[in-house]
Amino acid sequence: MSLQTLVALARGDKAADRVVPPTGFTARLTVFAAAVMAFLAVFALALSLAAGRLATSWGDELARASTVRISAPVGQVAAQTEAALRLLQQTPGVASARALSEVEQQALLEPWFGPDLPVSELPVPQLIEVTETSKGYDAAGLRLRLQAEVPGAVLDDHARWRKPLVAAAARLTLLGWVSGLLIAAAMGAMVTLAANAALSANAQVIAVLRLVGATDAYIARAFVRRFTLRALGGAAVGTVLGIAAVALLPSGDETAGFLTGLSFRGWHWGIPVLVPLLAAAVGFAATAVAARRVLGGLS
């Protein structure tokens, strides 16, 4: 539609608005469907944005962290650990390297073996935490140097862990956006059904309006405006409820779980405001299509 038509829709026409029943099944259905779909859309947005943050966080944290594992006889562990630390400190791209203490290694094993695991009495490999610079280091070259100078050292750059995690988070992000598109499609279908029902129920009124000179564009504009406002109002209510529900979820700062981080952060809180506008656009398009089809059939 043209800009002039959009302005006319915004201003409204009291005479034309009387054509559309203000209450009834179709009105309640449109408002309810818009509210429910907007509520679900807010959660789909929260899921997508949270998964995106998770992918970025996992990618950044694991990309700059590596581990060197020292597996050697008890009498050689300390010497090989010192040799590996010297080698790492001389390696370009390594920001820092430090050997984990027994307490830290026990904390890593505690979730699987409990707090009473005697780390000092078990042949647990010595772990060295490696943090790289933004430029990174040559993993293949470092492995060769470790193999030559520290036979018991094994470098793990976390690549095999990082890629599946980042890929999974990226798929969750995609799932969130696909869910949003499906929600918009479902809402469009509901509004189309409601508009079809309203137009069909008012077939006699439409026939009288045509007899007195009303054009199909005039009649369609009345239905499009009313259903667009219903979609906008229902979606606004659903969006407010959805934002409130997301705000009540546990904060991601309290635990490390993914579901506790299902929220908006910073300027992302402004994105759900677009949901009612998009719902109105869907309602506008769906009603316009339905009006053209039904009015054409009543000719």
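Residues numbered from 1 in each chain as written. Predicted model: local features only at pLDDT ≥ 70, side-chain atom pairs only at ≥ 80, totals over all residues. Heavy atoms only, no water.

(A) Representation of helix α6 (residues 139-149) within the structure. For α6, every residue scored as buried is listed here: A139, L142 and L146. Buried residues of α6 fall within an arc of 60 degrees about the axis and therefore sit on the same side. Away from the buried face of α6 by more than 90 degrees, exposed residues L144, Q147 and A148 are located. Buried residues along α6 sit against β1 (65-70), α4 (77-89) and β4 (153-156). Structurally, the start of α6 carries an N-cap: the backbone nitrogen of A140 is 3.4 Å from a side-chain oxygen of D138. (Buried < 20%, exposed > 50% of the residue type's maximum accessible area, 1.4 Å probe, protein only. Helix = DSSP H or I, 4+ residues; strand = E, 2+ residues; numbered from the N terminus. Arc of directions from axis to C-beta. Contact = heavy atoms within 4.5 Å. Polar contact = N/O pair within 3.5 Å; in protein donor to acceptor, adjacent residues only side chain to side chain.)

(B) Quick peek at the nonpolar core. With 38 residues, the main nonpolar core has M187, I219, F223, F227 and F264 as its most contacted residues. Ranked by residue count, the leading element in this core is helix α3 (residues 25-63), at eleven residues. By size, the runner-up hydrophobic cluster in this structure holds 18 residues, among which are A83, L88, A97 and A153. (Core = buried A, V, L, I, M, F, W, Y, C linked by side-chain atoms within 4.5 Å.)

(C) Seen up close, the packing of aromatic side chains. Under the criterion given, the structure shown has one aromatic pair. Seen from their ring centres, F39 and F43 are 5.2 Å apart, and the 50 degrees between their planes marks the pair as tilted. With F39 and F43 both in helix α3 and four residues apart, this pair spans about one turn of that helix. Of the residues examined, F39 reaches a relative accessible area of 28% and is grouped as partly exposed. Under the relative-accessibility criterion, F43 is labelled partly exposed at 24%. (Phe/Tyr/Trp six-rings, centres within 6.5 Å; stacked < 30°, edge-to-face > 60°.)

(D) Quick peek at the sheet that holds strand β3 (residues 126-132). Taken together, the four strands give an open sheet; going across it, the order is β2-β3-β1-β4, and neighbouring strands pair in antiparallel fashion. Edge positions in the open sheet fall to β2 (94-99) and β4, since each of these has one partner strand only. Pairwise comparison of adjacent strand axes, ignoring direction, gives a mean angle of 20 degrees for this sheet. In this structure, β1 lies alongside β3, joined through six bridges in antiparallel fashion. Across the sheet, the residue bridging to A65 is T131, located in β3. Contacts from α4 reach β1, β2, β3 and β4 within the one sheet, and its direction differs from that of β3 by about 5 degrees. Those strands touched by α6 are β1 and β4, and its axis lies near 170 degrees from that of β4. (Pairing = 2+ DSSP bridges. Axes fitted to C-alpha atoms, helices over the stretch in contact; angles between N-to-C directions.)

(E) View of a nonpolar patch on the surface. A contiguous nonpolar surface patch, about 460 Å² in accessible area, is contributed by L229, L232, L274, L277 and L278. Those elements that place two or more of their residues in the nonpolar patch are α9 (216-247) and α10 (274-298). Per-element tally for the nonpolar patch: the top contributor is α10, with three residues. Position of L229 relative to the elements: it lies in helix α9. For L229, a relative accessible area of 42% corresponds to the partly exposed category. (Patch = residues over 30% accessible without salt bridge, like charges linked within 9 Å, V, L, I, M, F, W, Y side chains within 5 Å. Areas by Shrake-Rupley, 256 points an atom, 1.4 Å probe, with all protein chains shown as cover. Salt bridge = Lys/Arg side-chain N within 4 Å of Asp/Glu carboxyl O.)

(F) Broad picture of the packing of helix α8 (residues 203-211) against α9. Where α8 contacts α9, the axes come no closer than 10 Å and their chain directions differ by 140 degrees. The angle between α8 and α9 places the two elements in the oblique class. Considering the relative orientation of α8 and α9, their crossing is right-handed. Together, I206, L209 and R210 of α8 and D216, I219 and F223 of α9 make up the contact between the two elements. Across the contact of α8 with α9, the residue classes tally to four nonpolar, no polar and two charged. (Parallel < 35°, antiparallel > 145°, perpendicular 65-115°, else oblique. Left-handed = near helix turned anticlockwise from the far one by under 90°. Nonpolar A, V, L, I, M, F, W, Y, C, P; charged D, E, K, R; others polar.)

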